[in-house]
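As a plain string of letters, each chain reads:
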Amino acid sequence: RAKFDKMGALWLPLGLVLAAILNGVIDLVLLQVPFIGGGLNVNSWYGLIAGVVIAGGTFFILFRLMNRLPSAIETETTADEPEWIVWLVVAIGLAAAWFVRGNILDQTRVATVGQVSISYPATWSRANEPGAIFAATDRARGGVFGARVSVRQSAGADLFSAGGGLTDAALNWSLARGKELTAYRLLEVSETKWQSRDATRIEYVFLFDSPQGSAAGAMPVLMRAVDVLVVGGDQVYVLTFAAPSNESDQLANLRERIIANWRVP
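Residues numbered from 1 in each chain as written. Predicted model: local features only at pLDDT ≥ 70, side-chain atom pairs only at ≥ 80, totals over all residues. Heavy atoms only, no water.

Draft legend 1. Up close: helix α7 (residues 252-260). For α7, every residue scored as buried is listed here: Ala 252, Leu 254, Arg 255, Ile 258 and Ile 259. Burial along α7 is one-sided: seen end-on, the buried residues are contained in an arc of 160 degrees. Its buried side turned inward, α7 meets β2 (116-121), β5 (148-155), β6 (182-194), β7 (197-208), β8 (221-232) and β9 (235-244). (Buried < 20%, exposed > 50% of the residue type's maximum accessible area, 1.4 Å probe, protein only. Helix = DSSP H or I, 4+ residues; strand = E, 2+ residues; numbered from the N terminus. Arc of directions from axis to C-beta. Contact = heavy atoms within 4.5 Å.)

Spelled out as structure tokens, the structure:
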């Protein structure tokens with residue numbers, strides 16, 4: 001409208017900026033609100049209420065502005081909208097997006113639980129997982145099926161068999177996980193080093209269903225996971241990184257960074 005009604009040089013770029021800001025706010029709110037207080041569980045009513053509130057507020061402001069628009073146009077001198085201003089706004093927006101990508105989206109947060117700390121992407125959200133002392137998931141990218149990281153700890157006496165080593169403890173851990181996860185399939189158990197300490201790495205796949213089950217209308221997703229077991233005192237600490245199997249290779253670098261920056265006693 002600014003272009004064809006000759007409303008002045010600033011209206012068209014202003015409309016572009018406002019549309020981008022509103023789109024980002026709506027996406028963020030509708031992404032986070034359904035998970036409030038529910039960990040990985042979704043409450044769709046929260047999302048519906050948020051959508052109604054946002055739509056109502058937006059249309060209220062829009063109609064108020066439309067009512068005032070005719071008088072505002074009459075008091076302004078009409079002039080063709082310069083094309084260079086629009087291109088300048090687009091260029092500034094792209095530069096700002098590049099800055100945000102490099103300085104905000106790639107940032108990490110550090111969570112500390114007792115003597116355990118873990119660094120994870122700042123865009124991920126904290127979550128609740130059974131038996132985990134910490135959990136976070138990438139809701140922005142995958143929703144309930146997004147990549148996730150969690151930390152658990154278990155008494156060494158519960159995993160180590162008489163005379164057994166860390167690999168035996170890993171196998172006992174794997175048996176326990178197999179009882180908790182659907183269609184669990186062990187792929188590999190290997191000894192490794194983590195920060196110059198002995199560790200065991202377990203790779204496996206399992207089916208992950210929506211927390212709402214069949215009511216959500218979504219098919220279960222095949223997840224590929226890596227568990228790293230490290231002994232600290234009389235405890236065994238386990239870091240789990242899981243992602244949809246078709247994204248696992250893409251997220252391998254992120255997984256290794258998270259494992260490398262994990263800290264246990």
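This is not the end of the story, as more comes after the structure.
Draft legend 2. Region of the structure containing the pairing of β8. Most of β8 sits inside the fold, with nine of its 12 residues counted as buried. Note: β8 against β9, 10 bridges, orientation antiparallel. Looking at β9, one finds that Met 223 is bridged to Pro 244. Taking the residues that link successive antiparallel strands as the turn, the β8-β9 hairpin has two residues, and the phi of Gly 233 there is positive, at about 65 degrees. (Pairing = 2+ DSSP bridges.)

Draft legend 3. Expanded view of the environment of Glu 247. Summarising the element assignment, Glu 247 is placed in the loop between β9 and α7. Using a relative accessible area of 21% as the deciding quantity, one classes Glu 247 as partly exposed.

Draft legend 4. Molecular detail of the sheet that holds strand β4 (residues 134-137). Pairing in this open sheet of seven strands is antiparallel, and the strands run β3-β4-β5-β9-β8-β7-β6 from one edge to the other. Edge strands, defined here as strands with exactly one partner in the open sheet, are β3 (125-126) and β6. In the sheet, β6 pairs with β7 via 10 bridges, with the strands oriented antiparallel. Bridge assignment links Val 189 to a residue of β7, and that residue is Ile 202.

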